[in-house]
Amino acid sequence: MSLLKFQAGKRIAFTTNTNTKPMPRETPTAVPESVPLHHTALQVFHDWRPSDISAILNETRSQFSQLLDQLSEVNATSPDVVDTLTQTFREFRHLEAQQNSLQNNIDLAKSKYRSQCEELPPVTWETWDAYREGELRAPHLLHVFEETERDSESQPPPANSADELSRLYRALPHIAADPQCILPDEAADDDVQIAGGQIELACPITCKPFQRPMISRKCGHVFDHAGIEQYLSAQSTRDCPQGACGQKVSMRDFVPDRLMELRCKITRAREGSRKAQRALENVVPI
Ligand SMILES: [Zn+2]
């Protein structure tokens, strides 16, 4: 509505200079909609931005991220909890995508509106009648916005989000069922570290369970931080330690592997819970 008000609220100032053409008999209080915005007003409008809610969206994202860690740490990954959480995250992603699309469409519509206005001849006494009678017509802001929205709706829907948090939430139902399972999008990748149809949760260098799994951005192989640091301590760039990989890697190619962290956390929490259960059974025989 504010866009409409902006358009409807256009005003023009008339001077009473007797050397120019006589004033129209009825001085208008509002300019017809066919008259484009004055270039100063157009610039003001172009600089206008709707309220930015990206900080709220980022904060919500960060809470979803913390929730994922907390759930896996306290072993609260039952199917019901996981279903509810993944569904809520999907709804959040949908709202986030809608907000981004709205922001893009507003920016696009503003640019289109400005360039269409700038193509029109300036409003002068010579062009005034043509504007008033509608021979020359400024674009209608709402129509430009609606057209932009229609164009964006006809675009194909975006593929699965590649951001890390979305990947983790897509993986959650699978790894909550089996922390060592191969994910659907990993199944075609022969290169992942798979033993007997399952993902190994131990570092191939240290042969111990992962403490700080790090993934190579070059080849996707995962090693524990301590293991890869030790491997690269004498020589900063070496062949990837995974047999037959052949990629040259250095420490800066490695980033924390949150997916592997999640697999390990869920596994540790379940082992801890089983141990506690056994200890309880020993104290109080059931
Ligand atoms: Zn590798």
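Keep in mind it's a predicted model, so treat the numbers as computed, not measured.

Digging into the pattern of salt bridges
Here's step 1: Tallying each qualifying case throughout the model produces 12 salt bridges.
Here's step 2: With its nearest N and O atoms 3.1 Å apart, the salt bridge here joins Asp 69 to Lys 265. Residue Asp 69 is found in helix 3 (residues 54-73), and its partner Lys 265 is found in helix 9 (residues 258-283); the two are separated by 196 residues along the sequence.
Here's step 3: The exposure class of Asp 69 is partly exposed, given its relative accessible area of 24%.

Section: the sheet that holds strand 4 (residues 222-224)
Here's step 1: Strand order in the open sheet formed by 3 strands is 4-3-7, with antiparallel pairing between adjacent strands. Two strands bound the open sheet, and with one partner strand each, they are strand 4 and strand 7 (254-256). In this sheet, adjacent strand axes meet at a mean angle of 40° when their direction is disregarded.
Here's step 2: Two elements, strand 3 (residues 213-216) and strand 4, share 3 bridges in a ladder whose sense is antiparallel. Residue pairing across strands places Ile 215 opposite Val 222, the latter belonging to strand 4.

Points about the packing of helix 7 (residues 164-177) against helix 9
Here's step 1: Viewed as axis vectors pointing N to C, helix 7 and helix 9 meet at an angle of 35°, and their least axial separation amounts to 10 Å. For the pair helix 7 and helix 9, the sense of crossing is right-handed. Contacts between helix 7 and helix 9 involve Glu 164, Arg 167, Leu 168, Ala 171, Leu 172, Ile 175, Ala 176 and Ala 177 from the former and Arg 258, Leu 259, Leu 262, Arg 263, Ile 266 and Arg 270 from the latter.
Here's step 2: Considering only residue class, the contact of helix 7 with helix 9 consists of 9 nonpolar, no polar and 5 charged.

Topic: the packing of aromatic side chains
Here's step 1: Evaluation of the coordinates by the stated rule reveals 6 aromatic pairs.
Here's step 2: Judged by centre distance (6.0 Å) and plane angle (45°), the rings of Phe 89 and Phe 92 are tilted. Linking Phe 89 with Phe 92, this pair stays in helix 4 (residues 79-118), spanning 3 residues, or about one helical turn.
Here's step 3: When its relative accessible area of 3% is taken as the criterion, Phe 89 is described as buried.

Quick notes on the pairing of strand 3
Here's step 1: Counting the residues that bridge the hairpin from strand 3 to strand 4 gives 5 residues, and of these Gly 220 lies at a positive phi of roughly 80°.
Here's step 2: Inspection of the sheet shows strand 3 paired to strand 7 by 3 bridges, in the antiparallel sense. If you follow Ile 215 over to strand 7, its bridge partner there is Val 255.

Looking at the coordination of the zinc ion
Here's step 1: Taken together, Cys 219 (SG), His 221 (ND1), Cys 240 (SG) and Cys 245 (SG) make up the full set of protein donors to the zinc ion, lying 2.0 to 2.3 Å away.
Here's step 2: Taken together, the 4 donor atoms coordinating the zinc ion and their angles of 106 to 116° define a geometry best described as tetrahedral.
Here's step 3: Sequence spacing of the donors to the zinc ion: C-x1-H-x18-C-x4-C. The residues Cys 219 and His 221 share a single accessibility class, namely buried.

Let's talk about the nonpolar core
Here's step 1: One finds Phe 64, Leu 68, Tyr 169, Leu 172, Ile 175 and Leu 262 to be the most contacted residues of the largest nonpolar core, which totals 20 residues.
Here's step 2: Contributions of two or more residues to this core are made by helix 3, helix 4, helix 7 and helix 9.
Here's step 3: The leading source of residues in this core is helix 7, at 7 residues.
Here's step 4: Residues from two domains meet in this core; each of domain 1 (2-153) and domain 2 (183-283) gives at least three.
Here's step 5: Excluding residues that lie within four positions of it along the chain, Ile 175 makes contacts with Cys 181, Leu 183, Leu 259, Leu 262, Arg 263 and Ile 266.
Here's step 6: Cys 203, Val 222, Ile 228 and Val 249 belong to the second largest nonpolar core, which has 16 residues in total.

Rules behind the numbers
Residues numbered from 1 in each chain as written. Predicted model: local features only at pLDDT ≥ 70, side-chain atom pairs only at ≥ 80, totals over all residues. Heavy atoms only, no water. Salt bridge = Lys/Arg side-chain N within 4 Å of Asp/Glu carboxyl O. Helix = DSSP H or I, 4+ residues; strand = E, 2+ residues; numbered from the N terminus. Buried < 20%, exposed > 50% of the residue type's maximum accessible area, 1.4 Å probe, protein only. Pairing = 2+ DSSP bridges. Axes fitted to C-alpha atoms, helices over the stretch in contact; angles between N-to-C directions. Left-handed = near helix turned anticlockwise from the far one by under 90°. Contact = heavy atoms within 4.5 Å. Nonpolar A, V, L, I, M, F, W, Y, C, P; charged D, E, K, R; others polar. Phe/Tyr/Trp six-rings, centres within 6.5 Å; stacked < 30°, edge-to-face > 60°. Donors = N, O, S within 2.8 Å, 3.2 Å for Na, K, Ca; no water. Tetrahedral: all angles 85-135°; square planar, octahedral: opposite > 155°, others 65-115°. Core = buried A, V, L, I, M, F, W, Y, C linked by side-chain atoms within 4.5 Å. Domains from an automatic or database assignment.

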